[in-house]
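A structural walkthrough
Chain residues, written in single-letter form:
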Amino acid sequence: MNFTEKIAAGVQTAVAKLYDHEVDIDNVMITNTRKEFTGDYTVVVFPFTKVAKKKPVDIGQEVGEALKAGLDLVADFNVVNGFLNLSIDNAYWLQFSQELFKTENFGQAPANGKKVMVEFSSPNTNKPLHLGHIRNILLGWSCAQILDRAGYEVIKTQIVNDRGIAICKSMLAWQKFGEGETPTSSGIKGDFLAGKYYVLFEQKFKAEYKIWQETTVAKELIKDNIKSEQSESDFWKNYKNKYFNNYSELGEEAKAMLLKWEDNDPAVRQLWSTMNSWVYEGFEETYKALGVDFDKLYYESNTYLEGKRIIEDGLEKSVFYKKEDGSVWIDLESAKMDQKLVLRSDGTSVYMTQDIGTAQLRSEDFGMDKMVYVVGDEQDYHFKVLFETMKRLGAPYAEGLHHLSYGMVDLPTGKMKSREGTVVDADELIKDVVEVARLNMVDRNEVTGKGDDEMQEIIRRIGMAALKYFIIKVNPKKRMVFNPNEAVDIQGQTGPYIQYAFVRAKGVYEKALQENINLSLADNYSTLEPVEKELIFQISQYPGLVLQAAEGYDPSMIANYCYGLAKGFNKLWHEVSILNADQPATIAYRVKLSKLMSDTLKDGMQLLGIEMPDRM
RNA sequence: GGCUUUGUAGCUCAACUGGAUAGAGCACUUGACUACGAAUCAAGAGGUUACAGGUUCGAAUCCUGUCAAGGUCACCA
């Protein structure tokens, strides 16, 4: 039982005795005492005014006296307004820290026997990964790590969007204009090569569209359909899709290719798998640079036909209904949503059908209790509909479905737009941050004295820490601004700052080992400075925080915690001496405390996918 | 237009999910190295939490309305 639980129980009995009233233990409000007041924990006594029929200050005084008399660990108390501040006896803090020194795998919750699947990344195979994917990947990876630490069995997965009209566009452009170019022949990374032809298709299509707009067909069309307040260019912008489907030659060819693909045409399938394999090789490199991997991949080309069977079942159970034209729908108006199509009139699947099928497939494969989809917030509605549908279908895991929705990443100049070439490419960004880290290192003249490989690895870890921390410290659901200059910062609330605190603490510990300092003397330490207590207090929050972050699917909580912890240690570093303290017991205690701090920091950062360097 | 998300210091973000005088970093001032490593620390300045009402002991947080920005309303994925 930890301190807050003991205090809560104490408050419960005190209130029962004093005011003859049973309070639910969950309703006892305990917070950490704010810095400007003395104390460690604060009990909010306002809720008791009704039952006690007294002023908050008096209640605080009475409950405080009862706690001080009844609980050994409460050394002292003071009351400010309706807040009862409790100071924990130093002996308890010391005892508590001694226990932590011995604890292995601090922060790891016991296995809870539940399986959770986390889907993230899930790219299209027609272009390379960009900054938006990085946020997705970091969130997904981190979420998986946190759930693991919280006691779940975690399966990391993605659905690879390897089929559809977009891929056919790349394929067609390559076929028409590629002249047999390959990653090997051109030296271009596979995903970039596929992206190159996707862009090329769009350019050619645009040119074709432009010419068509001058034809008599087009002129009559716009005359009949343009709205009075609409400009011509707006009209054509809106008409683009219709042109692609109804008039465009390139569109016609691309659609024909998609049909051939669906018909298993050998030549098209061959081209398709060749180009996709280029892309996969490219992706693999990027994933490796980001330090992530997956346990199981699902390919849309395998799952896009799934789900029809479930639709049939659902029709029998009247979850869905069929219209005269044969299309199948679900009516979600009772849940304040719309009617939604789940099967086209020609019997083919839509996005929703696929997702229903994929969920089912995954359940058959793994039997998970929960499923987390890391997908951008533009799909909020889609997932709301999907989850409600799964609930109505009676899927056993329906209650465990969660959409980890995150906001778009903006640049200081505004939105990333592929058309305007402002998309920040993932590979390039990774290269850039590592390069800035290297230049920083050179500035410090610290390049000497370490092996080249070791140095490169340290630089890489620092650069990646800066990038990753910058992105993951922001609450997922918020839209964020990515300023490249700030992302490579190493001062203040940054990844390298946290790494620095870690390196310091670990350095002290290693030096103590070298000097054969007797660490068991820590048991004799008895004074405990305020900065030390502050640090133990922060460390004590860690396991609870992991559970909270898991429950809220929110890695940013861990990121902010790690910063606070690093800051606490840096403060201690400046206020007291560790290896030069005057008593051997003090030295031993502080060395152990540093070790505990660095272990906790390393664990927390690992949950964010950030590696710690041995030196900096 | 319907539904939905967000709005906090000049900038980037916090605020233990309704608690105390809204906190950090960057940038700007000012102090602290002959290293347990200053990639650090200490201090200063910076706020009508978009706005207006309401709920209550207590609101950045909950409710209503207004404004602003984004998303979404395809037999696309």
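Presented here is an overview of the structure given in this document.

Reading the values: rules and limits
- Every chain is numbered on its own, with residues counted from 1 as its sequence reads.
- Chain letters start at A and ligand numbers start at 1, both assigned in the order the entries are written.
- Local features in this predicted model are restricted to residues of pLDDT 70 or higher, and side-chain atom pairs are both shown and tallied only at a pLDDT of 80 or more, whereas totals for entire chains, interfaces and linings draw on every residue.
- To obtain the side-chain values, all non-hydrogen atoms of the structure were used and water was disregarded.
- For this analysis, a ring pair means two rings from Phe, Tyr or Trp (six-membered ring only for Trp) whose centres lie within 6.5 Å, classed as stacked if their planes differ by under 30 degrees, edge-to-face if by over 60, and tilted for the remaining angles.
- Lysine NZ or arginine CZ positioned within 6 Å of the ring centre and within 35 degrees of the ring normal marks a charge as sitting over the ring.
- A helix here means a DSSP run of H or I that spans at least four residues, while a strand means a run of E at least two residues long, and both kinds are numbered starting from the N terminus.
- A helix is expected to reach a length of 1.5 Å times the quantity of its residues less one.
- Any residue under 20% of the maximum accessible area for its type is buried, any over 50% is exposed, and the rest in between are partly exposed; the area is computed with a 1.4 Å probe on protein chains only.
- What the arc covers is the set of directions going from the helix axis to the C-beta atoms.
- Residues are treated as being in contact if the distance between any of their heavy atoms lies within 4.5 Å.
- We define a polar contact as two N or O atoms separated by no more than 3.5 Å, with the added condition that, inside protein, one atom must be a possible hydrogen donor and the other a possible acceptor, whereas residues neighbouring each other in sequence contribute only through side-chain atom pairs.
- For two strands to pair, DSSP has to find at least two bridges joining them.
- Geometry is summarised by axes, namely lines fitted to C-alpha atoms with helices restricted to the contacting stretch, and by angles between N-to-C directions that run from 0 to 180 degrees.

Below, the discussion takes up the packing of aromatic side chains. For the structure on display, the rule yields 39 aromatic pairs. A network of ring pairs unites the aromatic residues F201, F205, Y209, W212, F235, W236, Y239, Y243, F244 and Y247 as a single cluster. The cationic tip of R269 hangs over the ring face of W261; the distance from NZ or CZ to the ring centre is 3.8 Å.

With that out of the way, let us pick up helix 17 (residues 426-443). Under the 1.5 Å per step criterion, the end-to-end length of helix 17 is 26 Å for 18 residues, consistent within 8% with the ideal 26 Å. Within helix 17, the full set of buried residues consists of A426, L429, I430, V433, A437 and M441. Down the axis of helix 17, the smallest arc covering the buried residues is 120°, so these residues share one side. Helix 17 presents K431 and D443 as exposed residues on the side facing more than 90 degrees away from its buried surface. On the buried face of helix 17, the contacting elements are helix 5 (131-149), helix 12 (266-290) and helix 18 (452-472). Measuring from the side-chain oxygen of the N-cap residue of helix 17 to the backbone nitrogen of D427 gives 3.3 Å; that N-cap residue is D425.

With that settled, consider the sheet that holds strand 6 (residues 153-160). A sheet is described by the order of its strands in space; here five strands give the open sequence 7-6-5-11-12, paired in parallel fashion. Each having just a single partner strand, strand 7 (296-299) and strand 12 (401-406) make up the two edges of the open sheet. Strand-to-strand, the axes of this sheet are offset by a mean angle of 25°, without reference to chain direction. Where strand 11 (residues 370-376) lies against strand 12, six bridges are found, and the strand directions are parallel. Across the sheet, Y373 pairs through a bridge with H403, a residue of strand 12.

Among the secondary structure elements, Q213 is positioned in the loop between helix 8 (190-212) and helix 9 (216-225). In this structure, Q213 is in contact with A218, K219 and W236, ignoring residues within four places of it in sequence.

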